[in-house]
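What the coordinates show
Spelled out, the chains give:
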Amino acid sequence: MYRFNNIYVLAAFGTIGGALFGFDVSSMSAWLDADQYLDYFNSPDSNLQGGITASMSGGSFIGAIAAGFLADRLGRKLALQIACVIFVIGCAIVCSAQNVGQLIAGRIINGLAIGICSSQVCVYLAELAPSRIRGRIVGIQQWSIEWGILIMYLICYGCIQGISGPAAFRVAWGVQAIPAIVLFFALFLFPESPRWLAGRERWEEVLDILADLHGNGDKHDPIVLAEYEEVREAQRIAAEAKGVGFFELFGPGVWKRTLAGTSVQMWQQLLGGNVAMYYVVYIFQMSGLSGNTNLTSSIIQYVIFLVTTGLMLPFIDRIGRRQLLIGGAIICMILHFTTAGVMATYGQPVDNVFGNENLKLSITGAPGKTVIALSYIFTGIYGLTWAPTGWIYCSEVFPLKYRAKGVGLSAATNWIFNFALAYFLPPAFKNITWKTYIIFGVFCTVMTVHIFFTYPETARKTLEEIDAVFDSKIPPWKSSKVQERALEARAQSITEKGGMRKDSDGFDEKDSRAHQEVV
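Residues numbered from 1 in each chain as written. Predicted model: local features only at pLDDT ≥ 70, side-chain atom pairs only at ≥ 80, totals over all residues. Heavy atoms only, no water.

A few points about the overall build of the chain
Along the backbone of the chain there are 24 helices and four strands. Out of the 519 residues in the chain, the part that is buried amounts to 61%. Looking at the chain alone, contacts between residues at least 24 apart form 79% of all its contacts between residues at least 6 apart. When the accessible surface of the chain is split by element, carbon and sulfur atoms take 63% of a total near 18,800 Å². (Helix = DSSP H or I, 4+ residues; strand = E, 2+ residues; numbered from the N terminus. Buried < 20%, exposed > 50% of the residue type's maximum accessible area, 1.4 Å probe, protein only. Contact = heavy atoms within 4.5 Å. Areas by Shrake-Rupley, 256 points an atom, 1.4 Å probe, with all protein chains shown as cover.)

Structure (structure tokens):
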């Protein structure tokens, strides 16, 4: 059967799973100031709205926890197809919602699917992509999230402007199912992860897929053979260990990786991206914008997010993960403290903002425009740094045997903090107003120190080379040169030795020493 073998085509289709996440983000944010939604659901107060928004994140937490078990048992492809089916069911429930309870139930089911996709799409792409471009390939997932946010927001905007009554949000929420259906059928044309196949000792398929993806079908290409050798060595080591549960992720030799993978997802949330994505309508309301002006201004923010991440992807592997994470945290810290200062100095306490009783602070005139500008700048910095890099980093740090469950746990960490913040922000804007930004500024300060002292560099290294980085005793801030270009060196060695022979399993090996190591 025909299958895609161009890594960029695979990334383009595969990251539809990320777009589902984006769809669900703006499928709610766009309606926070819409009469159709507010009238039908009786204008939810800050606590109830926080619960509605956070319900998707709660489902995603459960889905991300389950994703590792699904992906390890059934394969990366089938796990993603199951997620597509679940998402379509959730869309049907949300689309037909008769009350808040049904809406929350549907968003929880959608969240189950998004939890699976958010953790396993990046695992799948990381295991398919060559190391030299792995960052941009996995980063495409984040970019697809942003495309999903923008596209869904525009759909919601059109429905708000052109459809009256509850049909407006029903149409918008029903359209979400279409990408999931497309991804479900496209996955039949995708190759399985070669590293998952290695875990099943299906070596002929492993070599075929690596050759298709990295050698234009040439099984004798030195890069293909070098990566094939690394996969076999990694699988040999993995096979010597016992089965992996979540507790093993905190065992000797692995806990540092688990801490890095889970904490980068925690910090991505605590950086403050939820403020800019979920509740941009609230921010702009407090800054003096309402109605159609608020909606169009929010669209600008989502466009900035999309463009900045798109601009970064071609360069993300050259710059390195640590520089982007640390630099992004420092700049966002400054922006949060500046926003808090402007709001505290020029904001006026009010009973409501444009009739929205969830908001108790108004910033008009030039200070209001300053807050909007700061929000735009924050979104741009977030799109350039943490938005793509957080997902890339957690997909790289785990060794083969722990990868699916490790990234699943990392994604679950993202979602539990996403849930907490989505629920926390509406009451925070109501009760502590500008102090909300002080909290996020402090988080940015702490994460900067934590990353500098504990996160080794993973850019431009194969997944197997990253194992050597974590196993070495070199300080994280000096880790960029560890095992650099080891795959190319191995490929060169294979080329120089020439001559290949069959091992006992019938597969090509380079020499007797390599034969001893990988068989």
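Observations concerning the packing of helix α17 (residues 321–346) against helix α19 (residues 386–396)
Contact geometry of α17 with α19 gives a least axis separation of 10 Å together with a crossing angle of 140°. Looking at the two axes, α17 sits oblique to α19. Viewed along their axes, α17 and α19 form a crossing whose handedness is left-handed. Residues Arg321, Leu324, Leu325, Gly328 and Ala329 of α17 form the contact with α19, whose participating residues are Trp386, Thr389, Gly390, Ile392, Tyr393 and Glu396. Tallied by class, residues from the contact of α17 with α19 come to six nonpolar, three polar and two charged. (Axes fitted to C-alpha atoms, helices over the stretch in contact; angles between N-to-C directions. Parallel < 35°, antiparallel > 145°, perpendicular 65-115°, else oblique. Left-handed = near helix turned anticlockwise from the far one by under 90°. Nonpolar A, V, L, I, M, F, W, Y, C, P; charged D, E, K, R; others polar.)

Considering empty space enclosed by the protein
Summed over all chains, the structure comprises three cavities of 30 Å³ or more. Approximately 160 Å³ is the volume found for the largest cavity. Counting only elements with at least two residues in the lining of the largest cavity, the list comes to α2 (16–29), α7 (134–162), α13 (255–277), α19 and α20 (400–431). Looking at the lining of the largest cavity, the element that brings in the most residues is α13, giving five residues. Along the lines of polarity and charge, the residues of the lining of the largest cavity split into 10 nonpolar, seven polar and no charged. In terms of residues, the lining of the second largest cavity owes the most to one element, helix α18 (residues 365–384), which gives four residues. Broken down by class, the residue content of the lining of the second largest cavity amounts to eight nonpolar, four polar and no charged. (1 Å grid on protein atoms, 1.4 Å probe; cavity = no way out; pocket = protein on both sides within 12 Å on 5 of 7 lines; lining within 4 Å. Points joined across faces, edges and corners; volume = space filled by probe spheres on them.)

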